[in-house]
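Examining the three-dimensional arrangement
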Amino acid sequence: MTKGLTFICCLLLLASLMRCDSGKSDKTSTTNAQNQSADTINLLTDIKPLSENGDVNAVIEIPAGTTDKWELDKSTGQLQWEMVDNAPRIVNYLGYPGNYGMIPMTLLSKENGGDGDPLDILVLGPPIDRGLIQKCKIIGVLYLKDRGEQDDKLIAVSNDSPLYNVDSIDELNNDFKGISEIIETWFTNYKGPENIESMGFGNKQAATDILMQAIQSYQQSVLSK
């Protein structure tokens, strides 16, 4: 079997896992923050980064399987379609391999592996509508360099997915083979060849340390204003 065919088979496997039990999902696992107060809620400042049980609250900017590149506008706290050359940006590749978004009340500087924006996160599980707040559990981090600049992505599993029983990247590799390879292949190719380089995955503790650092950086930025 060729590498290309193997990759396509892995994508089909991931898509089926993401949709597994989607009709039985826990309705308390997501919150539609966009509709709560006529779009007055600030997705960056009005939502806590962590739930009471320690799960992360992820704001979904790009649903799994889609290619429209939306992002948070830090000045308004709302989501907007990213514009490139006065046109809405659409990723010229396969759809995102998970629900992509950011963690509210976080800030990760370039010196600490970020891009000066809220912490990026990829949530594995059933596709989630844009603007929803998804509770999820962090299992690791993918270390990336985007055109030479570090741009790490936290990897998490949604709490309404069969993947939620996974506690680490190692367990993901053992129990759901191919998923981590799909994630790494996608992020190192969606901007074209040789633009993004992977330095591999870090474990859950490394990912948690990045999260705590980003929460602290955000708190310090608020105090300094």
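Residues numbered from 1 in each chain as written. Predicted model: local features only at pLDDT ≥ 70, side-chain atom pairs only at ≥ 80, totals over all residues. Heavy atoms only, no water.

**Some words on the overall build of the protein**
Per the secondary structure count, the protein includes four helices and twelve strands. Across the 225 residues that make up the protein, the buried fraction comes to 48%. Counted over contacts in the protein with a minimum sequence separation of 6, partners at least 24 positions apart contribute 70%. Here the protein displays about 11200 Å² of accessible surface, and carbon together with sulfur accounts for 49% of that area. (Helix = DSSP H or I, 4+ residues; strand = E, 2+ residues; numbered from the N terminus. Buried < 20%, exposed > 50% of the residue type's maximum accessible area, 1.4 Å probe, protein only. Contact = heavy atoms within 4.5 Å. Areas by Shrake-Rupley, 256 points an atom, 1.4 Å probe, with all protein chains shown as cover.)

**Details of the nonpolar core**
In this structure, Leu124, Ile155, Leu172, Ile183 and Phe187 are the most contacted members of the largest nonpolar core, which totals 22 residues. Elements with a minimum of two residues in this core: strand 8 (120–124), strand 9 (132–146), strand 11 (153–158), helix 2 (169–175) and helix 3 (179–187). No other element matches the four residues that helix 3 contributes to this core. The contacts of Phe187, once residues within four sequence positions are left out, are Tyr100, Leu122, Leu142, Leu144, Lys153 and Ile196. (Core = buried A, V, L, I, M, F, W, Y, C linked by side-chain atoms within 4.5 Å.)

**Some points on helix 4 (residues 204–223)**
Relative to the 28 Å expected for 20 residues at 1.5 Å per residue, helix 4 spans 29 Å between its end C-alpha atoms, a close match to the ideal helical length. Among the residues making up helix 4, those that are buried are Ala206, Ala207, Ile210, Leu211, Ala214, Ile215, Ser217, Tyr218 and Ser221. Buried residues belonging to helix 4 abut strand 2 (56–62), strand 9, strand 11 and strand 12 (196–202). One side-chain oxygen of the residue at the start of helix 4 lies 3.2 Å from the amide nitrogen of Gln205, identifying that residue as Asn203. (Expected span 1.5 Å × (residues − 1). Polar contact = N/O pair within 3.5 Å; in protein donor to acceptor, adjacent residues only side chain to side chain.)

**Description of the pattern of salt bridges**
Evaluated as defined, the whole model comprises eight salt bridges. Measuring nitrogen to oxygen at the nearest pair gives 2.6 Å for the salt bridge that ties Lys74 to Asp117. Of this pair, Lys74 sits in the loop between strand 3 (70–73) and strand 4 (78–81) while Asp117 sits in the loop between strand 7 (99–102) and strand 8, placing them 43 residues apart in sequence. The network of salt bridges with common partners includes Lys69, Glu82 and Arg89. (Salt bridge = Lys/Arg side-chain N within 4 Å of Asp/Glu carboxyl O.)

**Observations concerning the confidence of the model for the protein**
Looking at the protein as a whole, its pLDDT mean stands at 86, while 82% of the residues score no less than 70. Below a pLDDT of 50 lies the segment residues 1–28, which in the model reaches 29 contacts outside its immediate sequence neighbourhood of four places, other chains included. Scored below 50 in pLDDT, residues 34–38 makes seven contacts in the model with residues more than four places away or belonging to other chains. (pLDDT = per-residue confidence, 0-100.)

**Digging into the side chain of Glu61**
Within the fold, Glu61 resides in strand 2. Although Glu61 is buried, it makes no salt bridge; Lys69 carries the closest opposite charge, 6.1 Å away. Separated by 3.0 Å, the side chain of Glu61 and the backbone nitrogen of Leu72 make a polar contact. The contact partners of Glu61, leaving out residues within four places of it in the chain, are Trp70, Glu71, Leu72, Leu79, Tyr100, Gly101, Met102 and Arg130. (Lys, Arg positive; Asp, Glu negative; His and termini not counted.)

**A closer look at the environment of Leu50**
Relative to the elements of secondary structure, Leu50 occurs in the loop between strand 1 (30–32) and strand 2. Note: C-alpha distance between Leu50 and Pro104 (54 residues apart in sequence) is 9.0 Å. Discounting chain neighbours no more than four positions away, the residues touching Leu50 are Asp55, Val56, Asn57, Leu211, Met212 and Ile215.

**Some thoughts on the side chain of Glu82**
Position of Glu82 among the secondary structure elements: in the loop between strand 4 and strand 5 (83–84). Here Glu82 falls in the buried class, since its relative accessible area comes to 16%. Among residues more than four places away in sequence, those in contact with Glu82 are Lys69, Trp70, Glu71, Ala87, Pro88 and Arg89.

**Examining the pairing of strand 3**
In terms of strand pairing, strand 3 meets strand 4 through four bridges, oriented antiparallel. When the bridges of strand 4 are listed, Leu72 appears paired with Leu79. Hairpin connection, strand 3 to strand 4: the antiparallel pair is bridged by four residues, and Gly77 has positive phi, about 75°. (Pairing = 2+ DSSP bridges.)

**Regarding the packing of aromatic side chains**
A full pass over the atoms with the stated rule returns nine aromatic pairs. With a centroid separation of 5.3 Å and an interplanar angle of 45°, the aromatic rings of Tyr96 and Tyr100 are classed as tilted. Pair check on accessibility: Tyr96 and Tyr100 agree, each one buried. The interplanar angle of 55° and the centroid separation of 6.2 Å between the aromatic rings of Tyr96 and Tyr190 together place this pair among those described as tilted. Separated by 94 residues along the polypeptide, Tyr96 in the loop between strand 6 (87–88) and strand 7 and Tyr190 in the loop between helix 3 and strand 12 bring together distant segments of the chain. When its relative accessible area of 2% is taken as the criterion, Tyr96 is described as buried. Assessed through its relative accessible area of 10%, Tyr190 is described here as buried. The cationic tip of Lys137 hangs over the ring face of Tyr164; the distance from NZ or CZ to the ring centre is 4.5 Å. (Phe/Tyr/Trp six-rings, centres within 6.5 Å; stacked < 30°, edge-to-face > 60°. Lys NZ or Arg CZ within 6 Å of the ring centre and 35° of its normal.)

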